[in-house]
Amino acid sequence: MELHQIETDLQQQDFQYRLKAIAALKDYPSEVAIPLLSQHTQDPEFLVRTFVARELGNHRTQESFAALLQIVKLDSTPNVRAEAANSISMFGKISASHLVQIFTTDDHWLVRRSIMTALMDLECHAELFEICMLALIGEDEPLREAAVNALGSLANSPQHTASLSKLLSFKDAESPRLRVQAAYALKHFDEPEAKAAMLQLRQDSDLRVVGAAMEDLLP
């Protein structure tokens, strides 16, 4: 799409035109795209703001990074903030401390799950362990389950011992769903106490837990 057409479509009342124009900016350099994208970080249509957040992640500049941080801080829609967090992670490991800060200040599950997944993908082990600990003291049960599962990914990291210690406490969790995730996570550890915990989980009173603990033994 020609630049003059993009600029025209960005002013259309029908947000579908604005969506297509923003998507078309992927073919333009940062010095052209970022100023136009930044004009729509407060667009009245949340889908447009979501597209803006996504496209800003394709431009690794200080301006786009700053714009994304503002979106995460100020936008009222969780989907938009989650997309902005994903885009921030596209800047690599330098984004990890910012993602942790966002996790501590934004309590919406979608934003937090996006950050947890991003830190796993980036292999930012210390930061991942930090947010898992924050999630585990919270009241969001699905997020707690995701945190227990995520601890399994730290088996070959400097957070190995601390992660195992935390996981072992969940073999006796009141919630069967937490025990299921503990079973999946503990499979990544070879210590005798991890193997003992797995034996216990294979004799759990809840069949879902037993199934998770036995899964790797099935042909």
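Residues numbered from 1 in each chain as written. Predicted model: local features only at pLDDT ≥ 70, side-chain atom pairs only at ≥ 80, totals over all residues. Heavy atoms only, no water.

Caption draft 1: Quick look at the overall build of the protein chain. Each helix and strand in the protein chain was counted, giving 14 helices and zero strands. Along the protein chain, from the amino end to the carboxyl end, the secondary structure elements read α-α-α-α-α-α-α-α-α-α-α-α-α-α. C-alpha extents for the protein chain along the principal axes are approximately 65 × 35 × 30 Å. A separation of at least 24 residues holds for 56% of the contacts in the protein chain among residues at least 6 apart in sequence. Counting 20 positive and 31 negative side-chain charges, the protein chain places the averaged centre of each group 4 Å from the other. (Helix = DSSP H or I, 4+ residues; strand = E, 2+ residues; numbered from the N terminus. Contact = heavy atoms within 4.5 Å. Lys, Arg positive; Asp, Glu negative; His and termini not counted. Charge placed at Lys NZ, Arg CZ, Asp CG, Glu CD.)

Caption draft 2: Structural context of the packing of aromatic side chains. In this structure the tally under the stated criterion is one aromatic pair. Between Phe 65 and Phe 91 the ring centres are 4.8 Å apart and the planes differ by 75°, which places this aromatic pair in the edge-to-face class. Of this pair, Phe 65 sits in helix H5 (residues 62-74) while Phe 91 sits in the loop between helix H6 (78-89) and helix H7 (96-105), and the two are 26 residues apart along the sequence. A relative accessible area of 13% places Phe 65 in the buried class. (Phe/Tyr/Trp six-rings, centres within 6.5 Å; stacked < 30°, edge-to-face > 60°. Buried < 20%, exposed > 50% of the residue type's maximum accessible area, 1.4 Å probe, protein only.)

Caption draft 3: A look at the packing of helix H9 (residues 125-136) against helix H10 (residues 141-151). At a minimum axis distance of 8 Å, the contact between H9 and H10 shows a crossing angle of 145°. Here H9 runs over H10; the crossing is left-handed. Touching Leu 128, Phe 129, Cys 132, Met 133, Ala 135 and Leu 136 of H9 are Leu 143, Arg 144, Ala 147, Val 148, Ala 150 and Leu 151, all from H10. Of the residues that constitute the contact of H9 with H10, the class distribution is 11 nonpolar, no polar and one charged. (Axes fitted to C-alpha atoms, helices over the stretch in contact; angles between N-to-C directions. Left-handed = near helix turned anticlockwise from the far one by under 90°. Nonpolar A, V, L, I, M, F, W, Y, C, P; charged D, E, K, R; others polar.)

Caption draft 4: Seen up close, the nonpolar core. Counting residues in hydrophobic clusters, the biggest one holds 72 residues, and the most contacted among them are Leu 99, Ile 115, Met 116, Leu 119 and Leu 186. What Met 116 contacts, discounting residues up to four positions off in sequence, is Phe 103, Leu 128, Ile 131, Ala 135, Leu 143, Ala 146, Ala 147 and Ala 150. (Core = buried A, V, L, I, M, F, W, Y, C linked by side-chain atoms within 4.5 Å.)

Caption draft 5: Up close: helix H3 (residues 30-38). Among the residues of H3, Ala 33, Ile 34, Leu 36 and Leu 37 are the ones counted as buried. The secondary structure elements touched by the buried residues of H3 are helix H1 (3-9), helix H2 (15-24), helix H4 (46-56) and H5.

Caption draft 6: Quick look at H7. Where H7 is concerned, the buried positions are Ala 96, Leu 99, Val 100, Ile 102 and Phe 103. Viewed along the axis of H7, the buried residues span an arc of 160°, placing them on a single side of the element. Considering only its buried residues, H7 is in contact with H5, H6, helix H8 (109-122), H9 and H10. (Arc of directions from axis to C-beta.)

Caption draft 7: Structural detail: the environment of Phe 103. By the secondary structure assignment, Phe 103 is in helix H7. Each C-alpha atom of the pair Phe 103 and Asp 27 lies 32 Å from the other, and the pair is 76 residues apart in sequence. Beyond its immediate sequence surroundings of up to four residues, Phe 103 is in contact with Arg 112, Ile 115, Met 116, Ile 131, Leu 134, Ala 135 and Leu 143.

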